[in-house]
Amino acid sequence: GCGTTTTGGDTGSPAPSGSTAPSESAQPSGEQTASFTTVEEGKLHMSTNATFPPYEMTTDDGSFEGIDVEVAQAIAEKLGLELVVDDMGFDAALTAVQTGQSDIAMAGITVTDEREEVMDFSESYATGVQVVIVKEDSPIQTIDDLANADMIGCQAATTGYIYASDTPENGGYGEDHVTAYDSGALAVMALVNDQIDAVIIDNEPAKAFVEQYEGLKILETPWVEEEYAIGVAKGNTALLDAINSAMDELKADGTFQAIVDKYITAE
Ligand code: ARG
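Notes on the structure in this doc start here. Note that the structure is a prediction, hence the values are computed from the model and not measured.

### Examining the site of the ligand
Looking at the ligand, there are 16 residues lining it, with Ala107, Thr110, Arg115, Thr159 and Asp202 nearest. Contact between the ligand and Asn49: a nitrogen atom at 2.9 Å from a side-chain N or O atom of the residue. At a separation of 2.8 Å, a nitrogen atom of the ligand approaches a polar backbone atom of Gly108. Alone, the ligand offers 350 Å² of accessible surface; in the complex the protein occludes 100% of this. Mapping the ligand onto the cavity grids shows that it belongs to the largest cavity. If you list the elements that add at least two residues to the shell around the ligand, you get strand 2 (51–52) and strand 13 (224–228). The class makeup of the residues in the shell around the ligand is 5 nonpolar, 7 polar and 4 charged.

Printed below as a string of structure tokens:
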């Protein structure tokens, strides 16, 4: 990183691209940078769905932790803003940036062509893999066996749900064979209670959930590989540039990796 930061801090709704300067005092001296406004002056609102360990989860005292939360915190600090975490449904977390309720959406969000049509994404900061969780003694022991599953559970609106509920011609299992749950944790609970045969979810939360219960396993063949990125309103390039620069700095100075290492132990 070259030490360039872009500052927010004006009142009003999110900046359309090319919008003009926030408060003079917030401008870094000697740097000519595009500026942006945030939903709330001095704050960076992050919409998320805090049911997704180790990226975002709710602690016993009701606060938020996880990789996304800490990285967003570090980005906010670089931008001279105070992070506000807004917890909501996963689909709502994506919509919030599109409707100007939040500045960034950070929720282990996979970049997809469909989502890129309605929002803009930062550079990718992590790789996710969709995996399959079954009971250890399940007749489903390979990805091919999934075609025999009566019911697969996924978190609603996630890529896991989108792929799994697609038609068999498109590599899915059909809507009739997929149940959408409010969270991955609820889908896993349904699996534990024998209400469904398998759960399709991202690999890191899968590991966390499998550790919580006896008798669950992750099938060895990974299903689909994906990239996670931070979402902003479509066209908000000033904020996006600032986020990408802040992220570059956090990667260069080791902060980013230190946060990841805190939550994910290398295998
Ligand atoms: N990576 C998947 C997706 O983008 C799942 C993300 C779910 N995130 C969450 N915080 N619940 O669809």
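### Looking at the nonpolar core
A general trend in soluble globular proteins is that nonpolar side chains are found buried together. Met46, Val71, Ile75, Ile104, Tyr125 and Ile230 are the most contacted members of the largest nonpolar core, which totals 35 residues. Elements that contribute at least two residues to this core include exactly strand 1 (43–48), helix 1 (67–78), strand 5 (82–87), helix 7 (237–252) and helix 8 (255–263). Here the element with the most residues in this core is helix 7; it accounts for 8 residues. Apart from residues lying up to four places away in sequence, Ile230 is in contact with Ile75, Ile104, Ala105, Met106, Asp120, Phe121, Ser122, Tyr125, Ile243 and Met247.

### Some words on the packing of helix 1 against helix 7
Between two packed helices, the angle of one axis relative to the other and the distance separating the axes together describe the packing. At a minimum axis distance of 9 Å, the contact between helix 1 and helix 7 shows a crossing angle of 110°. Our classification of the angle between helix 1 and helix 7 gives roughly perpendicular. Two secondary-structure elements touch here, helix 1 through Val71, Ala74, Ile75 and Lys78 and helix 7 through Ile243, Ala246, Met247, Glu249 and Leu250. Residues that form the contact of helix 1 with helix 7 fall into these classes: 7 nonpolar, no polar and 2 charged.

Here is what the cut-offs are and how they apply
Residues numbered from 1 in each chain as written. Predicted model: local features only at pLDDT ≥ 70, side-chain atom pairs only at ≥ 80, totals over all residues. Heavy atoms only, no water. Near = heavy atom within 4 Å. Polar contact = N/O pair within 3.5 Å; in protein donor to acceptor, adjacent residues only side chain to side chain. Areas by Shrake-Rupley, 256 points an atom, 1.4 Å probe, with all protein chains shown as cover. 1 Å grid on protein atoms, 1.4 Å probe; cavity = no way out; pocket = protein on both sides within 12 Å on 5 of 7 lines; lining within 4 Å. Sits in = over half its atoms within 2 Å of the grid points. Helix = DSSP H or I, 4+ residues; strand = E, 2+ residues; numbered from the N terminus. Nonpolar A, V, L, I, M, F, W, Y, C, P; charged D, E, K, R; others polar. Core = buried A, V, L, I, M, F, W, Y, C linked by side-chain atoms within 4.5 Å. Buried < 20%, exposed > 50% of the residue type's maximum accessible area, 1.4 Å probe, protein only. Contact = heavy atoms within 4.5 Å. Axes fitted to C-alpha atoms, helices over the stretch in contact; angles between N-to-C directions. Parallel < 35°, antiparallel > 145°, perpendicular 65-115°, else oblique.

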